[in-house]
Amino acid sequence: MATAQISLITITTILIFSSHFSTATKTGIPSRPFKKVYAFGDSYTDTGNTYSSTGPSSFTYVSNPPYGTTFFHHPTNRYSDGRLMIDFVVQALSLPFLPPYRDPKSDKSYGVNFAVAGSTAILHSFFVKNNITLDITPQSLQTQLIWFNKFLESKGCNGSTRSQECKEALTDALFWVGEIGANDYAYTSFGSSVSRTTIQKLAIYSVTSFLQALLNKGAKYIIVQGLPPTGCLTLSMSLAPTDDRDDMGCVGSLNKQSYLHNTIFQAKLNDLRKKFPQAVIVYADFWNAYANIVKSAKNYRFRELFKVCCGSGGGTYNFDASSTCGSPASTACTNPSQYINWDGVHLTEAMYKVLAHSFLNGTFCHPTFGYLLEKKLQSG
């Protein structure tokens, strides 16, 4: 049943793309469903807004090899050995890789990436006030919204969102809101007096408010990710007691936390859909897509579910938080495509590729990516 559904969606998506691109072969100028993409999120989406001295303090070597080795063959300040999910998304849309907002020299005509590694959903000042900042990254999702507003102003969209400049910047754009919120929970993992319930409420409120701000500006096509099963990350596995495991072999308490967060968040998305019926708001089910891959790892040729490809210390996970990937003591595996975890928190290009396929051609987007494309093409 699942295979048939995936095949049907894949065929539908291909037909839509084929129909849309039919004039491209005649003119030599490719036609695209979206003229630009705007991306937001944390290190799972960041394509270069942070580097070694400005990113998360636990991963201070992102500007060093072997980061970027698989696809780019050099570090690009992406927290992986190669491409991220957003890279596969823009490639599928026949668009160039998104430049980071902080690169003033980059060509931003096809979109911008505002995601920041270490970023939180909740304002950074909240963590400072509660003395639970474990990260040197002061940016939050609100920071990314401020950057986005400045970008719009630079394009002449600084008044009514109905202006021609705003229409050009927003009408034919896809908004990709990558995973955001995992860092917020991570702050409370080390003896904080702030409850997980407080983090949950504030984080979901922050993301929902952010989405509403985008919709108020005129965003019509949004894909927003939920949290992944954070209990399956190597860092989580290495810190949690061995009796805290679920049926995937991951840290059960953390996975339940992420799952509950996503359940509540999806209800908020339904409220936004009712409030903005003219928009297409797609939920990308990161948790279940990831879980599906872990449970069927052999089908995707993954041999190592929890051990890192790039790390140090050997043992079960080859992970040492004091000597992470890129540090002098670390080494990298020879075949990252067999690993899910790249450096202990971030994933390999191979994993991101399978996840992207799960969203674009599989059943883990609600409504499907094919539905979003169809709505966009119908609107012209």
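Residues numbered from 1 in each chain as written. Predicted model: local features only at pLDDT ≥ 70, side-chain atom pairs only at ≥ 80, totals over all residues. Heavy atoms only, no water.

Peer 1: Whenever I open this one, the overall build of the protein confuses me. Can you help?
Peer 2: For the protein, the count of helices and strands is 13 helices and 8 strands. Across the 380 residues that make up the protein, the buried fraction comes to 56%. A separation threshold of at least 6 residues defines the contact pool for the protein, and within that pool the share at least 24 residues apart is 71%. Split by element, the accessible area of the protein, about 16,400 Å² in all, is 53% carbon and sulfur. (Helix = DSSP H or I, 4+ residues; strand = E, 2+ residues; numbered from the N terminus. Buried < 20%, exposed > 50% of the residue type's maximum accessible area, 1.4 Å probe, protein only. Contact = heavy atoms within 4.5 Å. Areas by Shrake-Rupley, 256 points an atom, 1.4 Å probe, with all protein chains shown as cover.)

Peer 1: I keep staring at the nonpolar core and nothing clicks. Help me out?
Peer 2: A general trend in soluble globular proteins is that nonpolar side chains are found buried together. Core analysis: the largest hydrophobic core is formed by 56 residues, its most contacted members being Y290, L355 and F359. Put simply, the parts of the chain that give this core at least two residues each are β1 (36-40), α3 (85-92), β3 (173-177), β4 (221-225), β5 (280-284), α11 (286-295), α12 (349-360) and α13 (369-379). Counting residues per element, this core draws most heavily on α12, which supplies 8 residues. Of all hydrophobic cores here, the second largest spans 47 residues; its members include V112, I132, F148 and L272. (Core = buried A, V, L, I, M, F, W, Y, C linked by side-chain atoms within 4.5 Å.)

Peer 1: Could you clarify how one ought to interpret the pattern of salt bridges in this entry?
Peer 2: A side chain of one charge can pair with a side chain of the opposite charge when the charged atoms of the two come close. Under the criterion given, the structure shown has 4 salt bridges. Across the pair R78 and D87 runs a salt bridge, and its minimum N-O distance is 2.9 Å. Of the two residues examined, R78 and D87, each falls in the buried class. For R83, the salt bridge goes to E349, with nearest N and O atoms at 3.1 Å. Linking R83 in the loop between β1 and α3 with E349 in helix α12, this pair joins segments that are 266 residues apart in sequence. Among the residues examined, R83 registers a relative accessible area of 13% and is labelled buried. (Salt bridge = Lys/Arg side-chain N within 4 Å of Asp/Glu carboxyl O.)

Peer 1: Can you walk me through the confidence of the model for the protein in this structure?
Peer 2: Interpretation of this model should avoid reading the predicted coordinates in detail wherever pLDDT is low. Looking at the protein, the pLDDT average stands at 90 and 89% of residues meet or exceed 70. Every residue in residues 1-30 is under pLDDT 50, and counting partners more than four places away or in other chains gives 34 contacts. (pLDDT = per-residue confidence, 0-100.)

Peer 1: Sorry if this is basic, but what is going on with the pairing of β5 here?
Peer 2: A regular strand places its side chains so that they alternate between the two faces of the sheet. Within β5, 5 of the 5 residues are buried, which leaves it mostly tucked inside the rest of the structure. In β5, alternate side chains face the same way, and those of V280, V282 and A284 on one face and I281 and Y283 on the other are all buried. Relative to β5, β4 runs parallel, the two being bridged by 5 bridges. Residue pairing for β5: I223 is matched across the bridge by V282. In this structure, β5 lies alongside strand β8 (residues 365-366), joined through 2 bridges in antiparallel fashion. Its bridge partner lying in β8, Y283 is registered against H366. (Pairing = 2+ DSSP bridges.)

Peer 1: Explain the state of the cysteines here, please?
Peer 2: Should the sulfur atoms of two cysteines be covalently bonded, the bond is a disulfide. Taken as a whole, this structure holds 4 disulfides when the rule is applied. The disulfide partner of C309 is C333, and the S-S distance across this bridge is 2.0 Å. The S-S bond linking C309 to C333 shows a torsion near -95°; that makes this disulfide left-handed. Of this pair, C309 sits in the loop between α11 and β6 (310-311) while C333 sits in the loop between β7 (331-332) and α12, and the two are 24 residues apart along the sequence. C333 matches C309 in its accessibility class, with the two residues each being buried. Here the bonded cysteines of the protein are numbered in sequence order, and their pairing is 1-2, 3-4, 5-8, 6-7. (Disulfide = S-S within 2.5 Å.)

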